[in-house]
Amino acid sequence: MTGIGTIALTRDVTVREARRKVRQVLLELTGDDLTATRVGSGVSALGRGLLRSGEAPVLQLDLEQRDGGSSVLVLTFRDSRPMEVPEALVAVLEHVTVGRTGAHWEARARVQLHGRSAVDERAVARVRALVQQKSRDELMDELQVKNRELQESFENLQRTTSAKERMESELNIGRDIQMRMLPMEFPAFPHRREFDVHATLHPAREVGGDFYDFFMIDEDRICFGIGDVSGKGVPSALFMAMTKTLIKSRASNDFSPASILTHVNDEMAENNESAMFVTIWLGILDLRSGEVTYTNAGHNPPYVRRSDGTLERLAKRHGPVVGAMEGMVYGEDTVGLVSGDAVLLYTDGVTEAMDPAQALYEERRLVGTLEAATAPAPEALVRATVDDVWRFQADAEQADDITVLALAYHGASEGETLQSFHLTVGADLDEIATVNSAFAEFADMHELPAKVRRSVSVVFDELLNNTISYGFKGRDDGEIAITVDLRPDRLAITLSDNGRPFNPFGTAAPDTGLSVEEREIGGLGVHLVRTMMDEVTYHRRTDRNVVILAKLLADEPADAS
Amino acid sequence: MDITTRTHDDVTLIGFSGNLDTNTSSDAEAAFTSVLDGGGQKVVVDFTALDYISSAGLRVLLATAKRLNGVGGTLRMFGLNETVEEVFEISGFSTIFSVFPDEAAALAGL
């Protein structure tokens, strides 16, 4: 048997083509138009029948060369379904047999090729080409089919895309709610010397619900906490927003984290049909004593990093997750901080971050990072922690929100601030007059002693002159921020500028015992500042020079006269 | 800052009111230069109306004193408030400048 080709009988057009092709093959091989037309009609009739009843019928054409030189064209109709060949067709097609081969049903018709003694190779090649060649109709039909398929897959894509987009946009809304609820401006409390706080939240693509918060309850207490809501998307973002709002509202007149969370839990658990819950660690730091009172409701245990670099794990837990069950009563503990200590809070997005090999980051790595941290500043601690998680995670996908908060305690303040003077000026020598006249108004308004006011003015003139003359060479973006806090016993003065690093107190005091001829003026201004102020310190913070001064307001001893 | 200049015999009295600091020191310097360029050798500075002085002001006083020393002239001051006096103390200028309690004392013997 020599194979010629196969025609799928799946559509009207292909059945028509099968008829045409069979007819042409027979014409080519026999030149017998009558037989060709008759057999073609038979193919068409059976083909149309199969089109209705069959599943995926095909027509296969083969040539059978007999020893005697005569040849037979074998037409095999094949389908997975049983097929019947109408009696009327048998005569037309000649020698039709119907049977089953394996899983397929077959109808085989044998057409004797009269007139030609033998079919040579060239004839076989020609008829193969006839069968396999696609007609314009077939091509058009295929094109239409392809178009339709393309249209369908495009519509499917659109359907799935918009469903995906809907989900995506819901996740975006959730993330938006989540991020908008977080305090993100740092430094958060630039005028508080007793502490510094920094936090970050890196949302995962799908899971949302982490949060952090910090806010002053009153002049002496800051409340800070972290949490992780179960679930994802808008519901979890709303649950998080509700939790955060309830905590803040309760904390305004309740200084006990245990009491706050006990109340918040009851409110959250009531009507919580979604069965969501939130893990929370909540602390309140008393800025006068350095004592942190805290409650852990099912959250990862935070760490205290002491000023000497040692770590303490706040392992105590005081109750279950918040929102799950009404009537829970939470406990609380305290930990004392001294100047230089810091507390680090985090969510399980840190400890459960995965590397490309699916290994977990784990708490011990966090401990390693905190132990290795050289800078105790909250921003540096937060950054070191998150950076190490990124390094570990490498190109693996972030599976959960990663949230870290650090709060450092700098010791109690010298007293509460009664009034504050703030002014930010450009780095222009003319601005010194602006500063001093504004400060003179502030001093008059709050009845500062003239001597104090004048001393501060001299100091402003010296320091601003220094900074403006030397700190911003070739720059026009210079900016100097001045704060004067009036406290019961002192003026607390902060000057900060974005100039090049410069410590004005890094130079030696001038020799003030020299004669007129020997004296130079250099260094004298800073010497005046050092002497006229009671405390002077310089810090280089990130990209700013910060000079902190104090002028005591202690009553002058009564004049002897 | 206001600068007033008056003469008393061969003595020039220069009075400053307000602040002698970064932004006003060049005006003060111009006033001293003008007196010295005019041949003045006896200069008395009236600080009665001066609120405060910073090192920028001290630099002008020092330059004036050096120039007068060079020509055998005299620089005297009076009317310092406690802040100006403190600045003079801290800077050591109270020992190198002739400071008097008032105008009469400053002019006496010149």
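Definitions and limits used
Residues numbered from 1 in each chain as written. Chains lettered and ligands numbered in written order. Predicted model: local features only at pLDDT ≥ 70, side-chain atom pairs only at ≥ 80, totals over all residues. Axes fitted to C-alpha atoms, helices over the stretch in contact; angles between N-to-C directions. Helix = DSSP H or I, 4+ residues; strand = E, 2+ residues; numbered from the N terminus. Parallel < 35°, antiparallel > 145°, perpendicular 65-115°, else oblique. Left-handed = near helix turned anticlockwise from the far one by under 90°. Contact = placed C-beta atoms within 7 Å. Core = buried A, V, L, I, M, F, W, Y, C linked by C-beta atoms within 7 Å. Buried ≥ 20, exposed ≤ 12 C-beta atoms within 10 Å, placed from the backbone. Pairing = 2+ DSSP bridges. Nonpolar A, V, L, I, M, F, W, Y, C, P; charged D, E, K, R; others polar. Expected span 1.5 Å × (residues − 1).

A. The packing of helix 12 (residues 450–470) of chain A against helix 3 (residues 82–91) of chain B, seen in detail. Between helix 12 of chain A and helix 3 of chain B, whose axes approach to 9 Å, the crossing angle comes to 45°. Here helix 3 of chain B runs oblique to helix 12 of chain A, going by the angle between their axes. Judged by the sense of rotation from one axis to the other, the crossing of helix 12 of chain A with helix 3 of chain B is right-handed. Here helix 12 of chain A contributes Lys451(A), Arg454(A), Ser455(A) and Val458(A) to the contact with helix 3 of chain B, which in turn contributes Glu82(B), Thr83(B) and Val87(B).

B. Focus on the nonpolar core. Grouped together as the largest cluster of nonpolar side chains are 63 residues, with contacts concentrated most on Val459(A), Phe460(A), Phe47(B) and Val84(B). Not counting residues up to four positions away in its chain, the partners in contact with Val459(A) are Val529(A), Met532(A), Met533(A) and Leu549(A). Residues Val229(A), Tyr361(A), Leu366(A) and Val404(A) belong to the second largest nonpolar core, which totals 62 residues.

C. Representation of the sheet that holds strand 7 (residues 210–218) of chain A. All names here are of chain A. Taken together, the five strands give an open sheet; going across it, the order is 7-8-9-10-13, and neighbouring strands pair in antiparallel fashion. Either end of the sheet is taken by a strand with one partner, and the two such strands are strand 7 and strand 13 (333–336). Neighbour-to-neighbour, the strand axes of this sheet turn through a mean angle of 20°, independent of strand direction. Where strand 10 (residues 291–297) and strand 13 come together, four bridges link them in antiparallel fashion. Following the sheet pairing, threonine 293 is matched in strand 13 by threonine 334. Strands in contact with helix 6 (residues 233–251) are strand 7, strand 8 (221–229) and strand 9 (278–286); relative to strand 8, the strand with the most contacts, it is inclined by about 160°.

D. Seen up close, the interface of chain A and chain B. Taken together, the contact pairs 24 residues of chain A with 21 residues of chain B. Counting residues per element, the side of chain A that touches chain B draws most heavily on helix 12 of chain A, at eight residues. Counted by class, the side of chain A that touches chain B contains eight nonpolar, nine polar and seven charged residues.

E. Spatial organisation of helix 2 (residues 33–53) of chain A. Across its 21 residues, helix 2 of chain A extends 30 Å between first and last C-alpha, which sits within 8% of the 30 Å expected from 1.5 Å per residue. Thr35(A), Ala36(A), Val39(A), Gly40(A), Gly42(A), Val43(A), Leu46(A), Gly47(A), Gly49(A) and Leu50(A) are the residues of helix 2 of chain A that are buried.

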